[in-house]
Amino acid sequence: MQSRRGFLLMSAATSTAVTLGTMGLTACSTGGEDTVGDTPQDGGTLTYAASTEPDSWDPHQASTGVTARLLRPVLDSLVTLKPDGTVAPWLAASWQVSADGLSYTFKLRKDVTFSDGTPFDATAVKANFDHVVAPKTVSKAAAPLLGPYERTEVPDRFTAVVHLKEPYASFLRSVASTFLGFHSPKALKERAADLGAGGPAIVGTGPFRFVSRIAGQQAVFERRPDYRWSPAGAAHTGAARIDRIVVNILTENASRVGAVTSGQADVAEEIPAARLASVRAQSGLSLLRTAVPGTSYTFYLNTQRAPFDDLGVRRAVQCAVDLPAIVKGVFQGEYQPARSPLNPSTFAYDKNLGDLWGYDRAKAEHLLDTAGWTARDSAGYRTKDGRRLTALVPYVQSFVSSDNQAIAIGIQDALKKVGIALDLIPVDSATSMDRTAKGDYDMFAFGWESPDPALLRNLYHSKKQFGKGGMNGARVHDAQLDTLLDRAQRTDDRDQLVELYQKVQRRVIEQAYSIPTYVASRDSAVRSRVHGLTYDAFSEHDLYDAWVSGR
């Protein structure tokens with residue numbers, strides 16, 4: 001059933017200090033306080049307080065993780081990634097990988113339909129993967145996950161053969177992501193322009209239908225009674241237990257926490273660190289927590305223009321920022337400062353990079369002096385040749401949590417002390433996309449969630465620039481990194497993968513391409529009437545098995 005490539009790569013987790021399996025165990029606590037011995041009930045409505053609205057409701061186009069989190073109940077995948085790190089069947093009943101790693105043959109289930117009645121078959125696989133890579137889609141997260149996709153062949157109705165341009169060992173894990181979930185071919189053909197707006201235009205094979213959306217306020221999903229193709233490892237089969245999911249967009253932390261503590265919401269995501277203690281202490285609430293794999297909230301330094309085309313200035317930024325103090329101040333000891341480009345719950349994480357960088361203000365001052373930024377203007381900022389040492393940081397306010405904004409302000413204050421002006425510039429989503437594609441920024445910050453260290457390729461390979469199918473925020477063009485990442489993409493040897501990805505992490509820190517900030521967990525407050533709620537391997541809520549009591 002499972003390819004040798006998938007088995008070898010997943011079993012590699014056992015050789016690391018923090019494994020995918022460990023991450024899965026962290027995620028296995030369930031919502032509610034009285035679930036033991038209770039019989040699951042069907043029916044009822046679950047109200048979910050979300051922290052932000054997606055930049056696009058089309059996962060093939062979106063860049064934000066919230067799109068994947070909210071659409072998991074609506075969109076299924078070819079395979080499922082289990083908490084222990086293994087890949088198991090879902091819409092694909094079985095698969096085979098060619099000896100050269102260039103083709104994946106999926107045998108599909110024959111009983112699957114989209115919520116508009118369209119059968120799910122190999123032509124649907126082809127239509128969706130082709131949609132992901134189409135230039136007009138302008139895919140941000142999904143296209144990098146497809147990797148070196150070439151085409152999909154349809155030898156018969158329920159066989160899809162995906163051809164790659166080069167070996168891509170992460171392919172099976174990638175197609176488990178919600179970002180590569182499936183739209184109805186009918187919706188792709190007739191409503192492609194409406195997908196980003198969500199609502200009924202989003203037609204999937206999942207256990208829920210997307211029935212309505214009020215922009216910036218609410219999304220509603222309703223149960224499909226005909227659903228019969230849950231992923232391997234699910235706690236039950238057949239239709240979902242909950243009748244209706246109402247997602248309310250509550251961007252303010254106080255509103256989200258207030259909604260769940262008052263009973264207006266059953267689940268509230270992204271509980272801020274400052275409110276965790278009160279949630280733990282409140283009767284009728286429990287805290288559902290999981291480690292977040294992938295990267296931390298990271299500031300990427302644009303290496304293709306001044307001032308960060310100078311390695312000395314980039315290293316000065318590393319030394320100028322007292323991350324332990326900033327992180328402790330913002331998160332009150334709940335989270336730890338990051339020490340690597342990868343989070344500890346990610347396979348191949350290198351825990352030995354702490355000695356390579358850290359707070360040293362005197363060293364930062366020396367590096368800036370050496371780089372020629374020796375003069376000061378009337379405001380105390382460094383100058384050279386009459387130019388102030390300034391870094392422009394555009395950001396979309398609706399996509400940045402208050403905690404991450406506090407981190408940015410902390411970094412801004414730290415850099416000011418050594419004479420660097422960090423200019424935080426709020427922009428809308430369209431402007432942000434345009435500026436990042438053009439490289440019109442000095443620093444840009446975001447996190448990327450994935451249990452697969454292959455995400456490092458999308459973040460640091462020279463071919464993975466913004467606007468060209470990647471998320472290379474530092475605009476890195478580093479032949480040494482490219483070689484390491486290319487080798488990692490082609491190999492299925494677990495020891496080699498650990499070695500290669502740890503070399504990548506070390507190179508990123510040594511060259512100061514980015515500043516990882518803190519190691520977060522995903523914390524949700526859950527009322528006691530909610531049962532069976534868990535996180536999956538992507539740190540997304542599994543609402544299929546969840547149920548509510550006291551309807």
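1. Re the side chain of His461
Piece 1. Tracing the chain through its elements places His461 in the loop between helix H15 (455–460) and helix H16 (479–490).
Piece 2. Among the polar contacts made by the side chain of His461, one reaches the main-chain amide nitrogen of Lys463 at a distance of 3.0 Å.

2. Some words on the pairing of strand S10 (residues 244–249)
Piece 1. Sheet topology note: the strand S1 (residues 45–50)/S10 ladder contains six bridges and is parallel. Note on S10: the bridge partner recorded for Thr45 is Arg244.
Piece 2. Note: strand S9 (residues 218–223) against S10, five bridges, orientation antiparallel. Paired with Val220 across the strands is Val246, a residue of S10.

3. Description of unusual backbone geometry
Piece 1. Cis geometry is adopted by the peptide bond preceding Pro307, which originates at Ala306 and carries an omega value of 10°.
Piece 2. Structurally, Pro307 can be placed in the loop between strand S13 (298–301) and helix H10 (311–320).
Piece 3. Positive phi, close to 50°, is recorded for Val138, a residue that is not glycine.
Piece 4. Here Val138 shows up in the loop between helix H4 (122–133) and helix H5 (142–146).
Piece 5. For Arg475, which is not glycine, the phi torsion reads 50° and is therefore positive.

4. A short note on the sheet that holds strand S8 (residues 208–214)
Piece 1. One open sheet accounts for seven strands, arranged S8-S9-S10-S1-S11-S23-S12; its pairing is mixed. Two strands lie at the open edges of the sheet, namely S8 and strand S12 (285–291), each paired on one side alone.
Piece 2. Along the sheet, helix H8 (residues 253–262) makes contact with S1, strand S11 (267–268), S12 and strand S23 (521–527), crossing S23 at roughly 35°.
Piece 3. Strands S12 and S23 of the sheet are contacted by helix H9 (residues 273–281), whose axis makes an angle of about 130° with S12.

5. Quick look at helix H17 (residues 494–510)
Piece 1. For H17, spanning 17 residues, the distance from its first C-alpha to its last is 24 Å, which sits close to the expected 24 Å at 1.5 Å a residue.
Piece 2. For H17, the complete set of buried residues consists of Leu497, Val498, Leu500, Tyr501, Val504, Gln505, Arg507, Val508 and Ile509.
Piece 3. The opening residue of H17, the one whose side-chain oxygen lies 3.1 Å from the backbone nitrogen of Asp495, is Asp493.
Piece 4. The first or second residue beyond H17 is Ala512, which carries a positive phi of 50°.

6. Some words on the packing of H10 against helix H12 (residues 361–370)
Piece 1. At their nearest, the axes of H10 and H12 sit 8 Å apart, and the two run at 160° to each other. With respect to H12, the element H10 is oriented roughly antiparallel. Every pair of crossing elements has a handedness; the one defined by H10 and H12 is left-handed. Contact residues: Gly312, Val313, Arg315, Ala316, Cys319 and Ala320 in H10; Arg361, Lys363, Ala364, Leu367 and Leu368 in H12.
Piece 2. Residue classes in the contact of H10 with H12 are distributed as seven nonpolar, one polar and three charged.

7. A word on the nonpolar core
Piece 1. Of all hydrophobic cores here, the largest spans 106 residues; its most connected members are Leu78, Phe106, Phe120 and Tyr460.
Piece 2. The element that contributes the greatest number of residues to this core is H17, accounting for six residues.
Piece 3. What Tyr460 contacts, discounting residues up to four positions off in sequence, is Tyr300, Pro341, Asn472, Val476, Leu481, Asp482, Leu485, Val508, Tyr513 and Ser514.
Piece 4. Counting residues in hydrophobic clusters, the runner-up holds 54 residues, among them Ala49, Val330, Leu422 and Ala525.

8. Some thoughts on the packing of aromatic side chains
Piece 1. A full pass over the atoms with the stated rule returns 22 aromatic pairs.
Piece 2. Measuring from centroid to centroid gives 5.9 Å for Tyr335 and Tyr518, while their planes differ by 5°, and the two rings are stacked. With a gap of 183 residues between them, Tyr335 in the loop between helix H11 (323–331) and strand S14 (336–337) and Tyr518 in strand S22 (residues 518–519) connect regions that are remote in the sequence. The same class applies to Tyr335 and to Tyr518, which are both buried.
Piece 3. Looking at Arg339, its charged tip hangs above the ring of Trp357, at a distance of 4.7 Å from the centre.

9. Quick notes on the environment of Ala201
Piece 1. Here Ala201 shows up in the loop between helix H7 (185–190) and S8.
Piece 2. With 18 residues separating them in the primary sequence, Ala201 and His183 have C-alpha atoms 9.2 Å apart.

10. Focus on the pattern of salt bridges
Piece 1. Within this structure, the stated rule accounts for 33 salt bridges.
Piece 2. A salt bridge links Arg522 to Glu270, with the shortest nitrogen-to-oxygen separation between them at 2.9 Å. In this pair, Arg522 sits in strand S23 while Glu270 sits in the loop between S11 and H9, placing the two residues 252 residues apart along the sequence.
Piece 3. A salt bridge links Asp440 to Arg435; its shortest N-O distance comes to 3.4 Å.
Piece 4. By relative accessible area, which is 13% here, Arg435 ends up buried.
Piece 5. Several salt bridges converge on common partners, so that one network encompasses Arg69, Glu269, Glu270, Glu449 and Arg522.

11. Looking at empty space enclosed by the protein
Piece 1. All told, the structure shown has four cavities of 30 Å³ or more when counted by the stated rule.
Piece 2. In this structure, the largest cavity occupies an estimated 140 Å³ of space.
Piece 3. For the largest cavity, the lining is made up of 20 residues, of which Leu145, Tyr168, Ser174, Asp452 and Ala454 are closest to its centre.
Piece 4. Considered class by class, the residues forming the lining of the largest cavity number nine nonpolar, seven polar and four charged.

12. So, the sheet that holds strand S20 (residues 443–446)
Piece 1. Taking strand neighbours across the sheet as the criterion, the three strands line up as S20-S13-S21 in an open arrangement whose pairing is antiparallel. With one partner strand each, in any of the chains shown, S20 and strand S21 (514–516) form the two edges of the open sheet. Put simply, the sheet's adjacent strands are angled 20° from each other on average, direction ignored.
Piece 2. Direction of pairing for S13 relative to S20: antiparallel, over a ladder of four bridges. Its bridge partner lying in S20, Phe299 is registered against Ala445.

Criteria and thresholds
Residues numbered from 1 in each chain as written. Predicted model: local features only at pLDDT ≥ 70, side-chain atom pairs only at ≥ 80, totals over all residues. Heavy atoms only, no water. Helix = DSSP H or I, 4+ residues; strand = E, 2+ residues; numbered from the N terminus. Polar contact = N/O pair within 3.5 Å; in protein donor to acceptor, adjacent residues only side chain to side chain. Pairing = 2+ DSSP bridges. Contact = heavy atoms within 4.5 Å. Axes fitted to C-alpha atoms, helices over the stretch in contact; angles between N-to-C directions. Expected span 1.5 Å × (residues − 1). Buried < 20%, exposed > 50% of the residue type's maximum accessible area, 1.4 Å probe, protein only. Parallel < 35°, antiparallel > 145°, perpendicular 65-115°, else oblique. Left-handed = near helix turned anticlockwise from the far one by under 90°. Nonpolar A, V, L, I, M, F, W, Y, C, P; charged D, E, K, R; others polar. Core = buried A, V, L, I, M, F, W, Y, C linked by side-chain atoms within 4.5 Å. Phe/Tyr/Trp six-rings, centres within 6.5 Å; stacked < 30°, edge-to-face > 60°. Lys NZ or Arg CZ within 6 Å of the ring centre and 35° of its normal. Salt bridge = Lys/Arg side-chain N within 4 Å of Asp/Glu carboxyl O. 1 Å grid on protein atoms, 1.4 Å probe; cavity = no way out; pocket = protein on both sides within 12 Å on 5 of 7 lines; lining within 4 Å. Points joined across faces, edges and corners; volume = space filled by probe spheres on them.

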